[in-house]
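Breakdown of the fold
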Amino acid sequence: MEILSITLTGWAAITTALSMVILAGLMFILGREKIHFMWGVFSSVVALWMGAFYAVTLAGDPETARFWWKIAYVGIILIPFTFLHFVLEFIGNERLNRLKNRIIVILYAIALVFLFLNLTTNLIIDKVTFLFDELYYNSPPASLHPYFLALFSALTIYAFYLVYREYNVKRDDTLFRSRVRYFFFALSIGYVGASMNFLAVYGIQMHPLTNLMVIIGASIVGYAILRHQLFNIRIVTAQLLTLILAGFGLFRLIVSASVQEMVFNVLLLAITLLVGVYLILSVRKEVEQRERLEVLSHALAEANEELKKLDAAKSEFVSIAGHQLRAPLTVIRGYVSMAMEGSFGAIDEKVKDALGKVEYSAVQLVKLVASLLDLSRIESGRIKYDFVMGDFQSLTEKVIEEFTSPAKKKGLRILFENRAGTLPQFLFDQDKMREVAVNLVDNAVKYSKEGEVAVRLEVTATGGKPHARLSVHDSGIGIKKEDIAKLFSKFARTEQAQLADPNGMGIGLYFVKRVVEDHGGKVWAESEGEGKGSTFFLEIPMRSR
Ligand code: ADP
C-alpha cells in the first residue's frame, strides 16, 4: 500500500501533467495558427515529463524509478528543442524564416541523438538516490548529463535572446511588444520553477515542488495565445490573483472549526469572488480599449508615414522639374534674344518673326514651370492670384497662335470662332488663365491624330450674369462616359490617354478646375464616347470689380 501513498510532490506533478494535457488539447482543438500548434506540442512534452515524474514519485524501488526517469527525460530532452521551434514560429522574422526549416531539422536531429542515448544507454540517466525522504532522484548525474544540461541552457537562452532581439527591432509593433513582455513574464516563472529540478541532480537539495510554477507559466502563455491572441499581462494577473485568493478562502472554509467560522469564511469567499470578478472585468475592459486604441493609432501612424512619403516625393518632383526646366530655358531665351538683336549677324524679318515666337514660347514655358510650383501651392492651400482687368479674347488668340505650328506638324487644323463679338475687359489672373487655356488646347492637340481643334469664345448669361465661355472641341480619342467625372481630379488619366501619350502627368485639368473655380467659374467636359472626340468647357463670370 505504501506505493500508492501519493506525496505532495506527486500531487504537484500529476496536477501539472494533467493541466498540460488539457492545455495541449485546447491548443490542438481551438488553435488556428501554427504557434498554437507549437505551444500544444511544447505543452505535451512538458506533460510527458511531469506524468513520468509522477510515476517516479510512486516508484517503490530504484529500478522502477530509473525506468520512469528515462521516460521523464524523453520529455525533458524535447523541452528546449520544441521551445526554440515555438519561438522561431512566434517571432516570424523574415530573415530567420528562410533559414528556419533547416535550423529545425538540425535541432530535431540533435534531439534524436539525445533521445536515443537516453533510452538505450546509461549516459544520461544512470544512478538514482533516495532524496527528500520521499523519492528516488536521478542523482548523482550520469556522464553525459552535464553536456545535456549545457545544451538545454544554451538553447533556452538563445530562444529568449531571439525574442528579445525581435522586441528591440519591432519598436513600432506595439502589439508584438506587449505580447513579448507577457511572454517573458510567464516563461520566466515556468523556467525558473522547472530548472530547480536540475539542482537536486547535482547534489543541491532543492525540493522539486517548484514544478508547480510550470503550470502557472505555461497556462498563462497558453491562455493568452488562445483568448487574447496577445499576451495580456494585466488580465491574467488579475485572474491569477483572484484564483489564489479564492483558493485560499476555500482552504479556510474547509478547515473551519466551528459553524460561525464557516459562515464567516463563506462570506469572505463570496466577497473575494465578487471583488475578483469585478476586478477582472474592469481590467479586461480597460485593456481591450487600450488595445483598440493601439491598433488604431498604429494604423494612423502608418497612413501618416505613407502620406509624408508621398508628399516628399511630390515636392521632390516639383523642385526637380522646376530646376531642370528653368536652366535650359534661360539659355534658350538668352540666345534667342541675342540673335534677334543681331549679335550673330543680320537676320531677315521672317527669321526674326520665328525667333519671336520661340522667345514667346520659352517665356510661356518658364511660366508653366511656375505653374508646376503652383501645384504644390494648391496642395498646401497657398495659391496666390493677381486679378487685373484683362482682354480674354486676345489671350485666347495668343494661345491658339502658339499651338498653330505644333498642330500643323501633326496634320491638325486649329479653328477659332469668336461668337462674343468684342469682349469687354474683365477681372482675371492673366497668367493663370493663360495656363488654363494652354492646358485645354494642348490636350486637344495632344489627344487628336487628325481633323480639327475648334476653339470657340462666347458670352453666356449663366445665373443671370454675363460669363465668358471658352470651349475647345477636338476630333481625338474621346472619353468614355464613366471616365468623364474623374478627369479633373489629381493624377487622373484614362487608359486611352495613357496609350496616346505615356508622358502625361494628369495634373493639367486638376489645375484648370482649381483656377477656374477660384475665379468663380466652372469647367466640364463632354464626349460622345471613345474615339468620338471631346469638348472641354470653361465659364467664368465677367466681373469688373
Ligand atoms: P495629362 O494630359 O497630362 O494626362 P490632364 O490633367 O491635362 O493631364 O488630363 C487628364 C486626363 O484627361 C488625360 O490623361 C486624358 O485622359 C483626359 N483628357 C484631357 N483632355 C482630353 C482630350 N482632349 N481628349 C481626350 N481625353 C482628354
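Per chain, residues are indexed from 1 in the order of the written sequence. A pLDDT threshold of at least 70 governs which residues receive local features in this predicted model, and a stricter bar of 80 or more applies before side-chain atom pairs are shown or counted, although totals over entire chains, interfaces and linings include all residues. Calculated side-chain values reflect all of the structure's heavy atoms, with hydrogen atoms and water omitted.

So, the environment of Val512
Put simply, the rule reads: Numbering goes from the N terminus for both helices and strands, where a helix is a DSSP run of H or I of at least four residues and a strand is a run of E of at least two.
Within the fold, Val512 resides in helix H15 (residues 508–518). Val512 sits 11 residues away from Val523 along the chain, and the two C-alpha atoms are 7.9 Å apart.

Examining a negative patch on the surface
This is how the line gets drawn: What goes into a patch is any residue over 30% in relative accessible area without a salt bridge, connected to like charges within 9 Å or, for nonpolar side chains (Val, Leu, Ile, Met, Phe, Trp, Tyr), within 5 Å. Note on areas: these come from Shrake-Rupley sampling with a 1.4 Å probe, and a residue is covered only by the protein chains present in the view. Throughout this description, the term salt bridge denotes a Lys or Arg side-chain nitrogen within 4 Å of a carboxyl oxygen of Asp or Glu. His is not counted, nor are the chain ends; Lys and Arg add positive charge and Asp and Glu add negative charge. Charged groups are reduced to one reference atom each: NZ for lysine, CZ for arginine, CG for aspartic acid, CD for glutamic acid.
On the surface, Asp348, Glu349, Asp353, Asp391, Glu397 and Glu401 cluster together into a patch of negative charge. Of all elements in the fold, only helix H10 (349–380) and helix H11 (392–409) reach the threshold of two or more residues within the negative patch. Inspection of the secondary structure puts Glu401 in helix H11.

Focus on the domain arrangement of the protein
To be explicit about the condition: Domain limits in this description derive from either an automatic procedure or a database domain assignment.
One can read the domain layout of the protein as domain 1 (2–231), domain 2 (304–380) and domain 3 (388–541). Summarising the inter-unit geometry, the C-alpha centres of domain 1 and domain 3 are found 76 Å apart.

Side note on helix H3 (residues 62–91)
Rules: To estimate how far a helix should reach, multiply one less than its number of residues by 1.5 Å. Fitting axes to the seven residues ending at a residue and to the seven starting there, one defines the bend at that residue as the angle between these axes. Whenever a nitrogen or oxygen atom comes within 3.5 Å of another N or O atom, the pair is scored as a polar contact, on the condition that within protein one atom can donate a hydrogen and the other can accept it, and that pairs from neighbouring residues in sequence are kept only if both atoms are in side chains.
Taking 1.5 Å per residue, 30 residues should reach 44 Å; H3 reaches 43 Å between its end C-alpha atoms and fits that length. Of all the bends in H3, the greatest reaches close to 35° and is centred on Ile79; the proline Pro80 follows between one and four positions later. Its side-chain oxygen 3.1 Å from the backbone nitrogen of Glu63, Asp61 forms the N-cap of H3.

Some thoughts on the pairing of strand E9 (residues 534–541)
To keep things clear, this is the line we draw: Each residue gets one of three labels from its accessible area relative to the maximum for its type: buried under 20%, exposed over 50%, partly exposed in between, using a 1.4 Å probe on protein chains only. In short, DSSP must find at least two bridges between two strands for them to pair.
Across the 8 residues that make up E9, a large majority, 8, are buried. Both faces of E9 are covered, namely the face carrying Ser534, Phe536, Leu538 and Ile540 and the face carrying Thr535, Phe537, Glu539 and Pro541. Bridge count between strand E8 (residues 522–527) and E9: 6 bridges; the pairing is antiparallel. Counterpart to Ser527 in the pairing with E9 is Ser534. Where E8 folds back on E9, the antiparallel hairpin that results is connected by 6 residues, among which Gly529 adopts a positive phi of roughly 135°.

So, the pattern of salt bridges
Evaluation of the coordinates by the stated rule reveals 17 salt bridges. Here Glu89 and Lys34 are joined by a salt bridge, their closest N and O atoms 3.3 Å apart. With Glu89 in helix H3 and Lys34 in helix H2 (residues 34–58), the pair connects residues that are 55 residues apart, well separated along the chain. Lys34 sits in the partly exposed class, given a relative accessible area of 48%. For the salt bridge of Asp501 with Lys446, the shortest nitrogen-to-oxygen distance reads 3.7 Å. Placement of Asp501 in the loop between helix H14 (495–500) and H15 and of Lys446 in helix H12 (residues 430–446) is noted, with a sequence separation of 55 residues between them. Three or more residues joined by partner-sharing salt bridges are found here, namely Lys34, Glu89 and Lys100.

A few points about the site of the ligand
So the rule is basically this: Any residue with a non-hydrogen atom lying within 4 Å of a molecule or strand is treated as near it. Grid points spaced at 1 Å and placed over the protein atoms alone form the basis of the search, with a cavity being a set where a 1.4 Å probe fits but cannot get out and a pocket an open set showing protein on both sides within 12 Å along at least five of seven lines. Lining residues have an atom within 4 Å of a point. To be counted as sitting in a cavity or pocket, a molecule needs more than half of its atoms within 2 Å of that site's grid points. In this count, Pro and Cys sit with the nonpolar residues alongside Ala, Val, Leu, Ile, Met, Phe, Trp and Tyr, while Asp, Glu, Lys and Arg are called charged and the others, Gly among them, polar.
Surrounding the ligand, one finds 21 residues, the nearest of these being Asn443, Tyr447, Arg493, Thr494 and Leu509. Note that a nitrogen atom of the ligand is positioned 2.8 Å from one of the side-chain N or O atoms of Asp474. For the ligand, the accessible surface in isolation is 530 Å², of which the surrounding protein chains cover 97%. Among the detected pockets, the ligand sits in the largest pocket. Element by element, the count of residues in the shell around the ligand is highest for H12, at 3 residues. Partitioning the shell around the ligand into residue classes produces 11 nonpolar, 7 polar and 3 charged.

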